[in-house]
Amino acid sequence: MNATDTLWLIPARGGSKGIPGKNVKPFCGRPLVCRAVDQALACAAPGDTVFVSTDSEEIRDAALSCGDVVPFMRPEEFASDTASSYSVIMHALDEFRRRGRTFCRVVLLQPTSPLRTVDDINAALERWNPGIDMAVTVCEARTNPYYNAFETDSEGMLRISKGDGHYTRRQDAPEVWEYNGAVYVISVSSLLEGPMSSFRRIVPSPMPSSRSVDLDTPADWLIAESLFHSLF
């Protein structure tokens, strides 16, 4: 194994309730899953492996039209609504290990971030190093716990979530980030120790909010296609 051999993992299960069939639905003329595959193939280095993890033959066929990226299928037990990203990643790593293939890191590219660019991926790769758990794309959080996010106290009254509540302008409050779901660059050694929720050494890779749309509803899809036409 080379020090930077990478598994490019694209999770694309068949059961989608918010947007039925979304992974093969054409997004601006191209099946959604293919956009992620194209980006992975463009960024992958010699020795890397691009893998679409799916339980769906329809998604498999769409992915295979882009390249040899589905050497095996995802079992049903890892394709339910309750299956975690961690279980999907570990299934892929275990199956490749049985086939004699191991990796230093996993790059997780979710098809549901169609406004992600190759530059975004490369920026996250540059922020990763073997001494951290993960580099992950983020965007500015929509609500800021120092400014406009509140909690109820023991008397049921609203109180600012963090700080003393004296910030009167959002731009003066500390920056707060949220994961946007576009790119995760994860150390395999950290995954072997536990799930991503246990990670403590996480480096942010900022992306603009305008390209951080995550496809969950039909309205998200319409917004993302409109943004795609205006941004690219």
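Here, the structure is the one placed above.
All of these numbers come straight from a predicted model, not from anything done at the bench.

Where do I start with the sheet that holds strand β9 (residues 177-187) in this structure?
Hydrogen bonding along the main chain pairs the strands of a sheet, whether they run parallel or antiparallel. If you trace the 6 strands from one edge of the open sheet to the other, you get β4-β1-β5-β9-β6-β10, paired in mixed fashion. The two strands at the open ends of the sheet, each matched to only one other strand, are β4 (49-53) and β10 (202-206). Adjacent strand axes in the sheet meet at a mean angle of 30° when their direction is disregarded. Note: strand β1 (residues 6-11) against strand β5 (residues 105-108), 4 bridges, orientation parallel. From the neighbouring strand, L7 faces β5, where its bridge partner is V106.

I tried to follow the packing of aromatic side chains on my own but got confused; where do I start?
Describing an aromatic ring pair means giving the distance of the ring centres and the angle of the ring planes. Enumeration over the complete set of coordinates arrives at 9 aromatic pairs. In textbook terms, an aromatic cluster arises when at least three aromatic residues are bridged by ring pairs, as seen for F27, W221, F228 and F232. Cation over ring: K25 sits above W221, and NZ or CZ is 5.2 Å from the ring centre.

Just checking my understanding: could you explain the side chain of N180 for this structure?
Its location among the elements puts N180 in strand β9. Overall, the relative accessible area of 6% leaves N180 in the buried class. A distance of 3.1 Å separates the side chain of N180 from the backbone nitrogen of A182, its partner in a polar contact. A polar contact of 3.0 Å, which involves the side chain of N180, links it to the side chain of S212. Each residue touching N180, except ones within four places of it in the same chain, is listed here: S113, T137, V138, C139, M207 and S212.

Cut-off values and rules
- Residues numbered from 1 in each chain as written.
- Predicted model: local features only at pLDDT ≥ 70, side-chain atom pairs only at ≥ 80, totals over all residues.
- Heavy atoms only, no water.
- Pairing = 2+ DSSP bridges.
- Helix = DSSP H or I, 4+ residues; strand = E, 2+ residues; numbered from the N terminus.
- Axes fitted to C-alpha atoms, helices over the stretch in contact; angles between N-to-C directions.
- Phe/Tyr/Trp six-rings, centres within 6.5 Å; stacked < 30°, edge-to-face > 60°.
- Lys NZ or Arg CZ within 6 Å of the ring centre and 35° of its normal.
- Buried < 20%, exposed > 50% of the residue type's maximum accessible area, 1.4 Å probe, protein only.
- Polar contact = N/O pair within 3.5 Å; in protein donor to acceptor, adjacent residues only side chain to side chain.
- Contact = heavy atoms within 4.5 Å.

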